[in-house]
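# Residue-level structure breakdown
The residues making up each chain are set out below.
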Amino acid sequence: MAFIGQVIDDKYEILTLVGQGGMSKVYLARDKRLNKQWAVKEIEKRAKDRNNEIVIQSAIAEANLIKQLDHPAIVRIVDIIDNGNVIYIIEDYIEGQTLSEILENNGAQPQELVIEWAMQICEALEYLHTRKPAIIYRDMKPANVMLKPDGSIKVIDFGIAREYKDQSLADTVSLGTKGYAAPEQFGGKGQTDARTDIYCLGVTLYHLLTGQNPCEPPYEIYPIRHWNPQLSAGLEAVIQKCTQLNPDDRYQSCAELLYALHHYEEYGAAYRKMQKTKLKRFIITVAIMVVCLLVGVFGLTMRTVTNNADYNQNISLAEKASTSEEKVSYYSKAVDIKPTSIEAYEGMIEAFKDDAAFSTDEEEVLKKKLEANLTQLKEQDSYSDLAFEIGKLYWYYYDYGKTETADNQITRMKSSIQWFEDAATNETSPNYLMASIYKEIGKFNRDITLQIEEADDKGKYAPYWENLEELTHQIASSNNESEIIELEIYKLAMYSMENYARKFKADNITEQQMNSLFNTVKQEVTDVSTSTDKTAGLKNDVIARFDSTEKAIENAYRE
């Protein structure tokens, strides 16, 4: 059991106990190196205790699932430490209250506030559902959503989340919180999928809007205006569609639900009445409408011409703009006019690179444009090239988690993997080989820490070496890569040789191969001409590793 003042793994200083359950405790801890606060979940191993074994397995499975994720609304796992009798899981420390605590203290919440929360949760669930394979959360409820002081939310507790299996007919275990769980979560009614999370979210919104706990009498999801007639009829229709017993009758994706939340007023009775009136008028005036149709065809043609002109004008203005913000604004307008035009997205990506940093605010702008049009974009022949550029944007420029004292290279690589996976599906693309290499290098760096802890890393280093060597030579032989791309790859090569020299040797990488790559990187770094303070600092960082990397290679191959 941890105690106040204890330092775990020479890094995490226990500050206070913040919560505990039957077999685990959660502490607030301070990272002594980064002076950052983390939550430390402590799980004790107890001999001959079957329930404890299940808790440990569940906690490790949850940690392995979350460590692959990187989304602002999802809690992050940053470390897993096994001290023999105790497992410590290091994750984000989230200040705030759960939505269940807010309900308990304040009752039903204002409609507009609930809609804002719902949109954030929708985006988080859509992120999970679009992973490969998809991740089904399965336990959406107010107690599993934290509201931070800044108004943003975090989804927590992935204990019963699962990866969707295409060939599976049903879940193997019935899990979920009764009252919130969808019918298919209790067996015999098919496999849980994205629509399961939509059901759970619908019930959660019902609870937040009405204050009526679905786990208590009358155990039924009434229309929300049964409890409060002042609530929107359109929002009532949205929630009723979410909570249909048959998954086919619900929204089929969180993207579809998110659209409905943005337009919930259109689902109201007044809107339906207006539509019926329009239909009657249409029937009466059908002859006139034929004429109008002809006029409409002409108008549509003119609109297309206008749209093309507006699109081209925005592209032209973006190319002439003097600031990255203006460029992004014009490219965004161009995307709105032609949502499947790859050119506008590529221009936006280049604008994000202007200051050599891809911020989380810029990420939100790009994601909103992409998520709304991703299905159509994937039908484009050039989508794989766009995915490749997005992958490079994350790999080299993403600044989430970066501080003055700590690099975020692993986070950048993890965030890029999904895009390189998309880019590597098109074997005819000129970027296919590089996308495949980036993807495999990213996966290695994402998984290797846990594989080392589980002694499951044997044989993983030779394939990584081949990809690292190929990527380094590709960058070194290219004449059109930016200095930041060159230096980041050389930095990764130096870091890998310094830290994994003995592992490479154990996987039959020869000293001659290591020295050859070392000398190549050393020469290339020396030859790079830097033009900004950022790249000059990056170059100096790589040069500073020359001696330690060379010694690591010598020590690894010393008899």
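Residues numbered from 1 in each chain as written. Predicted model: local features only at pLDDT ≥ 70, side-chain atom pairs only at ≥ 80, totals over all residues. Heavy atoms only, no water.

### Thoughts on the pattern of salt bridges
- Evaluated as defined, the whole model comprises 25 salt bridges.
- Residue glutamate 350 is joined to lysine 353 by a salt bridge in which the shortest nitrogen-to-oxygen separation is 3.2 Å.
- Looking at glutamate 350, the relative accessible area reads 42%, which means it is partly exposed.
- According to the relative accessible area criterion, lysine 353 is buried, its value standing at 15%.
- With its nearest N and O atoms 3.9 Å apart, the salt bridge here joins lysine 367 to glutamate 364. Placement of both lysine 367 and glutamate 364 in helix H11 (residues 360–377) is noted, with a separation of three residues, approximately one turn of the helix.
- Exposure remark for lysine 367: the relative accessible area of 12% places this residue in the buried category.
- The exposure class of glutamate 364 is partly exposed, given its relative accessible area of 24%.
- The network of salt bridges with shared partners includes Asp407, Arg412, Glu488 and Lys491. (Salt bridge = Lys/Arg side-chain N within 4 Å of Asp/Glu carboxyl O. Buried < 20%, exposed > 50% of the residue type's maximum accessible area, 1.4 Å probe, protein only. Helix = DSSP H or I, 4+ residues; strand = E, 2+ residues; numbered from the N terminus.)

### Points about the packing of aromatic side chains
- For the structure shown, the criterion picks out 23 aromatic pairs.
- Taken together, a centroid distance of 4.9 Å and an interplanar angle of 70° make the contact between tryptophan 395 and tyrosine 438 edge-to-face. A residue pair is termed long-range when its members are at least 10 positions apart, and tryptophan 395 in helix H12 (residues 383–397) and tyrosine 438 in helix H14 (residues 432–453) qualify at 43 residues.
- Given the relative accessible area of 3%, tryptophan 395 is considered buried.
- The exposure class assigned to tyrosine 438 is buried, which follows from its relative accessible area of 1%.
- Through a chain of ring-to-ring contacts, three or more aromatic side chains come together here, namely Phe444, Tyr461, Tyr464, Trp465, Tyr495, Tyr500 and Phe504.
- Against the face of tyrosine 251 rests lysine 241, its NZ or CZ located 5.2 Å from the ring centre. (Phe/Tyr/Trp six-rings, centres within 6.5 Å; stacked < 30°, edge-to-face > 60°. Lys NZ or Arg CZ within 6 Å of the ring centre and 35° of its normal.)

### Considering the nonpolar core
- By size, the foremost hydrophobic cluster in this structure holds 77 residues, and its most contacted members are Trp395, Tyr438 and Met514.
- It is helix H16 (residues 483–506) that provides the largest number of residues to this core, a total of 12 residues.
- Counting 60 residues, the second-largest nonpolar core is a separate cluster that includes Leu69, Leu128, Leu201 and Leu205. (Core = buried A, V, L, I, M, F, W, Y, C linked by side-chain atoms within 4.5 Å.)

### As for the side chain of aspartate 193
- If you trace the backbone, aspartate 193 turns up in the loop between strand S11 (162–163) and helix H4 (194–210).
- For aspartate 193, a relative accessible area of 13% corresponds to the buried category.

### Re the confidence of the model for the protein
- Scored by pLDDT, the protein comes out at a mean of 86, with 87% of its residues at no less than 70.
- The low-confidence segment residues 165–174 (pLDDT under 50) makes 15 contacts with residues lying over four places distant or belonging to another chain. (pLDDT = per-residue confidence, 0-100. Contact = heavy atoms within 4.5 Å.)

### Brief notes about the environment of lysine 378
- Here lysine 378 lies in the loop between H11 and H12.
- Sequence separation between lysine 378 and aspartate 422 is 44 residues, and the spatial gap between their C-alpha atoms is 8.9 Å.
- In this view, lysine 378 contacts Tyr383 and Asp422; residues no more than four positions away in its chain are not counted.

### A look at the layout of surface pockets
- Within this model, the largest pocket holds a volume of roughly 1,700 Å³.
- The wall of the largest pocket is formed by 39 residues, among which Lys11, Val78, Asp407, Ile410 and Thr449 lie closest to the centre.
- Breaking the lining of the largest pocket down by element, the ones donating at least two residues are strand S4 (36–44), strand S5 (77–82), helix H13 (409–423), H14 and H16.
- Its residues assigned to classes, the lining of the largest pocket comprises 14 nonpolar, nine polar and 16 charged.
- What lines the second largest pocket is a set of 37 residues, among which His71, Pro72, Gln120, Glu123 and Glu364 lie closest to the centre. (1 Å grid on protein atoms, 1.4 Å probe; cavity = no way out; pocket = protein on both sides within 12 Å on 5 of 7 lines; lining within 4 Å. Points joined across faces, edges and corners; volume = space filled by probe spheres on them. Nonpolar A, V, L, I, M, F, W, Y, C, P; charged D, E, K, R; others polar.)

### Notes on the packing of H16 against helix H18 (residues 533–544)
- For the pair H16 and H18, the least separation of the axes is 10 Å and the interaxial angle reads 20°. In this view, H16 runs roughly parallel relative to H18, as classed from their interaxial angle. Of the two elements, H16 crosses H18, and the hand of that crossing is left-handed. Residues Glu483, Ile484, Leu487, Glu488, Tyr490, Lys491 and Met494 of H16 lie in contact with H18, whose contacting residues are Lys534, Thr535, Leu538, Lys539 and Val542. (Axes fitted to C-alpha atoms, helices over the stretch in contact; angles between N-to-C directions. Parallel < 35°, antiparallel > 145°, perpendicular 65-115°, else oblique. Left-handed = near helix turned anticlockwise from the far one by under 90°.)

### Quick word on unusual backbone geometry
- Backbone torsion omega between lysine 132 and proline 133 reads 0°, so that peptide bond is classified as cis.
- By secondary structure assignment, the location of proline 133 is in the loop between helix H3 (111–129) and strand S8 (135–136).
- For the bond running from proline 217 to proline 218, omega is 15°, close enough to zero to count as cis.
- Mapped onto the fold, proline 218 is located in the loop between H4 and helix H5 (233–242).
- Phi at aspartate 9 takes a positive value of approximately 60°, unusual for a residue other than glycine.
- If you trace the backbone, aspartate 9 turns up in the loop between strand S1 (7–8) and strand S2 (12–20).
- Phi angles above zero are rare outside glycine, and alanine 356 is one such case at about 60°.
- Accessibility expressed as a relative area gives 19% for alanine 356, which makes it buried.

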